[in-house]
Amino acid sequence: QKVVERHSILRTCFVWEGLKEPVQIVHRQVNLPWQEYNWQHLSPEEQQNELEVFLENDRSSGFELKQPPLMRFTLIQLEDICYNFTWSHHHLLLDGWSVASVFKEVLACYKAFNNGQKVYLDSIRPYRDYIVWLQKQNLFQAETFWRQTLKGFTTPTQLSVKKGATSLTQTDGCNEEELKLSTVTTTGLQSLAKQHQLTLNTIVQGAWGLLLSRYSGQEDVVFGAVTSGRPQTLAKAESIVGLFINTVPIRVKVSPEELLLPWLDKIKDQLVEARQYEYCPLVKVQGWSEVPKGFSLFESIVVFENYAVDASVRQ
């Protein structure tokens, strides 16, 4: 409750019906939806089954965007001193960077209150300061950049893997696949990046560009990349809690004759330049491209996450 009082974004809702454009409304106060259950009478297997059912139902129940706060909490007691705590929130409120910041503040409050002490938290900037900054940006310059970047690209890059006669549809749901790189491979990639003044993000995006080129048979490919969206020109942007991330197109040209390192350098330069215009809404970038209306600008997205997580949160 203390953290919610500090951050206006955590007290907001969104309305759009009957309005020219959607509006974000900040409430002075909100009551946190809080549920508690005691499952100590269940066996560990039963607890696990119940938890899976609970999480599935919680995910599918969604949020009423007009009713703040767009988050809820559930505390489940499993043993005398063992609990499961679930915090569900809408992505409209927070990005990954913000989640880590909120956790850090919650733990600081918890420690202070537990010890009967006053809590001291760093001063912050409200999310509205970012909205004000956003409204001052020059969309004409952004349009010039994105039109030039996407000039001549007219057909979205397909990511297709043949699997017999069947094909996935929108209603097939989703699946998750996890692959962990070995310490040796990770160290090798980090060393390669450092040695040639690249970032791991550049190497990952280069690899994805190559993969798309191989599967699609195209030498000119476009995919989406999620950017942090926190502007360097906005002081204390890293302390603002709210949704900053944006998805922008990355265009990669793959030539069999080109050497790897100079090619990765080009991608790095392109990413640096695009950062100046990452505030631009994707719907506008799509409209400035030469891809016909009704088609997506890209069909795959690379998300490279490396936001800082405080030591106290890790513990």
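Look a little higher up for the structure.
Residues numbered from 1 in each chain as written. Predicted model: local features only at pLDDT ≥ 70, side-chain atom pairs only at ≥ 80, totals over all residues. Heavy atoms only, no water.

Trainee: Which parts of the structure should I look at to understand the overall build of the chain?
Mentor: Looking only at helices and strands, one finds 10 helices and eight strands in the chain. Along the first, second and third principal axes, the C-alpha atoms of the chain reach 65 × 50 × 45 Å. Taken across its 315 residues, the chain has 34% of its residues classed as buried. Total accessible area on the chain is roughly 21100 Å²; 53% of this is exposed by carbon and sulfur atoms. For the chain, the distance from the average position of its 31 positive side-chain charges to the average position of its 35 negative side-chain charges is 10 Å. (Helix = DSSP H or I, 4+ residues; strand = E, 2+ residues; numbered from the N terminus. Buried < 20%, exposed > 50% of the residue type's maximum accessible area, 1.4 Å probe, protein only. Areas by Shrake-Rupley, 256 points an atom, 1.4 Å probe, with all protein chains shown as cover. Lys, Arg positive; Asp, Glu negative; His and termini not counted. Charge placed at Lys NZ, Arg CZ, Asp CG, Glu CD.)

Trainee: Which parts of the structure should I look at to understand helix α6 (residues 183-195)?
Mentor: An α-helical turn contains 3.6 residues, so a residue and the one three or four places further along point in the same direction. Helix length check: α6, at 13 residues, gives a terminal C-alpha distance of 18 Å against a target of 18 Å (1.5 Å per residue), a fit within 8%. At the C-terminal side of α6, Gln197 shows a positive phi close to 55°. (Expected span 1.5 Å × (residues − 1).)

Trainee: How should I be thinking about the packing of aromatic side chains in this particular structure?
Mentor: Aromatic rings considered in pairs are described by the distance between their centres and by the relative angle of their planes. What the rule picks out here adds up to 13 aromatic pairs. Centroid distance Tyr127 to Tyr130: 5.6 Å. Interplanar angle 50°. Geometry classified as tilted. Here Tyr127 and its partner Tyr130 are both found in helix α4 (residues 127-135), three residues apart, which amounts to about one turn of the helix. In this structure, Tyr127 and Tyr130 share a single accessibility class: buried. Positioned above the aromatic ring of Phe63 is the side chain of Arg72, whose terminal nitrogen or guanidinium carbon lies 4.2 Å from the ring centre. (Phe/Tyr/Trp six-rings, centres within 6.5 Å; stacked < 30°, edge-to-face > 60°. Lys NZ or Arg CZ within 6 Å of the ring centre and 35° of its normal.)

Trainee: How should the environment of Arg72 be read in this particular structure?
Mentor: Residue placement: Arg72 occurs in strand β4 (residues 71-79). C-alpha separation for the pair Arg72 and Leu32, spaced 40 residues apart in sequence, amounts to 6.6 Å. Not counting chain neighbours up to four residues away, the residues in contact with Arg72 comprise Pro33, Asp58, Ser61, Gly62, Phe63, Thr86, Trp87 and Ser88. Polar contacts involving the side chain of Arg72 include one to the side chain of Ser61, which spans 2.9 Å. (Contact = heavy atoms within 4.5 Å. Polar contact = N/O pair within 3.5 Å; in protein donor to acceptor, adjacent residues only side chain to side chain.)

Trainee: Looking at this model, I keep getting lost on the sheet that holds strand β5 (residues 82-89). Mind explaining?
Mentor: For sheets, the rule is that strands pair by backbone hydrogen bonds, running either parallel or antiparallel. As summarised here, the arrangement of the three strands in space is β3-β4-β5, forming an open sheet in which the pairing is mixed. The sheet is open, and its two edges are formed by β3 (34-38) and β5, each paired on a single side. With direction set aside, neighbouring strand axes in the sheet form an average angle of 15°. (Pairing = 2+ DSSP bridges. Axes fitted to C-alpha atoms, helices over the stretch in contact; angles between N-to-C directions.)

Trainee: It is not clear to me how the nonpolar core should be interpreted in this structure. Could you clarify?
Mentor: Looking at soluble globular proteins, one finds that nonpolar side chains tend to be buried together. Counting 40 residues, the largest nonpolar core has Leu10, Leu94, Ala142, Trp146 and Cys280 as its most contacted members. Of all the secondary structure elements, the ones that give two or more residues to this core are α1 (2-6), β4, α3 (96-114), α4, α5 (139-150) and α9 (282-288). Ignoring sequence-local partners within four residues, the contact set of Leu10 consists of Val3, Val4, Val30, Pro69, Met71 and Leu94. One finds Ala193, Ile203, Leu212 and Leu271 within the second-largest nonpolar core, a separate group that totals 15 residues. (Core = buried A, V, L, I, M, F, W, Y, C linked by side-chain atoms within 4.5 Å.)

Trainee: Sorry, what's going on with the sheet that holds strand β7 (residues 246-253) here?
Mentor: In spatial order, the strands read β7-β6-β8; together these three strands make up an open sheet with mixed pairing. Each of the sheet's edge strands pairs with one partner strand only, and the pair in question is β7 and β8 (301-302). Relative to β7, strand β6 (residues 220-227) runs antiparallel, the two being bridged by eight bridges. What sits directly across from Phe223, in β7, is Ile250. Helix α7 (residues 200-216) contacts β6, β7 and β8 of the sheet and is inclined by roughly 145° relative to β6.

Trainee: Would you mind going over unusual backbone geometry with me for this structure?
Mentor: It is generally the case that most residues other than glycine have a negative phi and that most peptide bonds are trans. The amide bond that connects Pro68 to the next residue, Pro69, takes the cis arrangement and shows omega of -5°. Position of Pro69 among the secondary structure elements: in the loop between α2 (44-61) and β4. One non-glycine residue, Gln197, lies in the positive phi region at around 55°. Among the structural elements, Gln197 can be located in the loop between α6 and α7. A relative accessible area of 65% means that Gln197 is categorised as exposed. You will see that Lys236, though not glycine, has its phi angle at about 60°, which is positive.

Trainee: Would you explain the pattern of salt bridges in this entry?
Mentor: Tallying each qualifying case throughout the model produces 11 salt bridges. Arg147 is the salt-bridge partner of Glu143, the closest N and O atoms lying 2.9 Å from each other. Here the residue Glu143 and the residue Arg147 both occupy positions in helix α5, the gap between them amounting to four residues, near one helical turn. In this structure Glu143 comes out as partly exposed when scored by relative accessible area, which is 23%. In this structure, Asp265 engages Lys268 in a salt bridge whose closest nitrogen and oxygen atoms are separated by 3.6 Å. Here Asp265 and its partner Lys268 are both found in helix α8 (residues 260-275), three residues apart, which amounts to about one turn of the helix. (Salt bridge = Lys/Arg side-chain N within 4 Å of Asp/Glu carboxyl O.)

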